[in-house]
Amino acid sequence: MTKTFNFSKALELLKEGNFLSRLAWQDSSLSSTKIYLTNGSEFVPSRPPLSSIQENVIFKPHFDKLTSTRKGNALVYTAQVITLSNEDILADDWYVPSN
């Protein structure tokens, strides 16, 4: 049985660098969704559309979602910024995925 917890514990674990998921997000055996905390950084952009900016850009910490989908024998990964919903924040079904 998967050990679950609330978002307060989830946030602690995200700050420690863990990937997390919710039971509610696991809709099929063909895909898997996890989130992680991306630390902020500062950089001079080198690709469009920001490459015209010749000054440092501050990229603030945020949550990213990593989805893996099985396509034949391969896993295809997609990463994107995610905004957690009120339902996500109030949920008690957060857990640390095994892989």
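Read on for an overview of the structure. These numbers come from a predicted model, not from an experiment. (Residues numbered from 1 in each chain as written. Predicted model: local features only at pLDDT ≥ 70, side-chain atom pairs only at ≥ 80, totals over all residues. Heavy atoms only, no water.)

With respect to the overall build of the protein chain
Next up, step 1: Tallying secondary structure elements over the protein chain gives two helices and seven strands in all.
Next up, step 2: In the protein chain, the order of α-helices and β-strands from amino to carboxyl end is α-β-β-β-β-β-β-α-β.
Next up, step 3: For 99 residues, the compact-globule estimate of 2.2 N^0.38 gives 13 Å, and the C-alpha radius of gyration of the protein chain, at 16 Å, exceeds that figure by more than 25%.
Next up, step 4: Oriented by its inertia axes, the alpha-carbon framework of the protein chain measures out at about 50 × 35 × 20 Å.
Next up, step 5: For the protein chain, with 99 residues in total, the buried portion stands at 29%.
Next up, step 6: Within the protein chain, contacts between residues separated by at least 24 positions form 53% of all contacts whose residues are at least 6 apart in sequence.
Next up, step 7: Working note: accessible area of the protein chain is about 7,100 Å², and carbon and sulfur atoms make up 52% of it.
Next up, step 8: On the protein chain, the mean spot of the 10 positive side-chain charges and the mean spot of the 10 negative ones are 6 Å from each other. (Helix = DSSP H or I, 4+ residues; strand = E, 2+ residues; numbered from the N terminus. Rg over C-alpha atoms; globule rule 2.2 N^0.38 Å. Buried < 20%, exposed > 50% of the residue type's maximum accessible area, 1.4 Å probe, protein only. Contact = heavy atoms within 4.5 Å. Areas by Shrake-Rupley, 256 points an atom, 1.4 Å probe, with all protein chains shown as cover. Lys, Arg positive; Asp, Glu negative; His and termini not counted. Charge placed at Lys NZ, Arg CZ, Asp CG, Glu CD.)

Digging into the nonpolar core
Next up, step 1: Membership of the largest hydrophobic core comes to 13 residues, with the highest contact counts inside it found for Phe7, Leu20, Ile35, Phe63, Leu84 and Trp94.
Next up, step 2: Here this core gets four residues from one element, more than from any other, and that element is helix H1 (residues 7–15). (Core = buried A, V, L, I, M, F, W, Y, C linked by side-chain atoms within 4.5 Å.)

Quick look at the environment of threonine 4
Next up, step 1: Mapping threonine 4 onto the fold places it in the segment before H1.
Next up, step 2: Along the primary structure threonine 4 and leucine 66 are separated by 62 residues, whereas in three dimensions their C-alpha atoms are 19 Å apart.
Next up, step 3: In this structure threonine 4 touches Leu23, Asp92, Asp93, Trp94 and Tyr95, once residues within four positions along its chain are discounted.
Next up, step 4: Within the structure, the side chain of threonine 4 is placed 3.4 Å from the backbone oxygen of aspartate 92, a separation counted as a polar contact. (Polar contact = N/O pair within 3.5 Å; in protein donor to acceptor, adjacent residues only side chain to side chain.)

Things to note about the packing of aromatic side chains
Next up, step 1: Applying the stated criterion to the full structure yields four aromatic pairs.
Next up, step 2: Here the aromatic rings of phenylalanine 19 and tyrosine 36 are separated by 5.3 Å at their centres, their planes lie at 65°, and the arrangement is edge-to-face. Within this pair, whereas phenylalanine 19 is found in the loop between H1 and strand S1 (21–22), its partner tyrosine 36 is found in strand S2 (residues 31–38), the two being separated by 17 residues in sequence.
Next up, step 3: Relative to tryptophan 94, the ring of tryptophan 25 lies with its centre 5.3 Å away and its plane at 80°, an arrangement referred to as edge-to-face. Pair noted here: tryptophan 25 is in the loop between S1 and S2 and tryptophan 94 is in strand S7 (residues 94–95), with a separation of 69 residues, a long-range link. (Phe/Tyr/Trp six-rings, centres within 6.5 Å; stacked < 30°, edge-to-face > 60°.)

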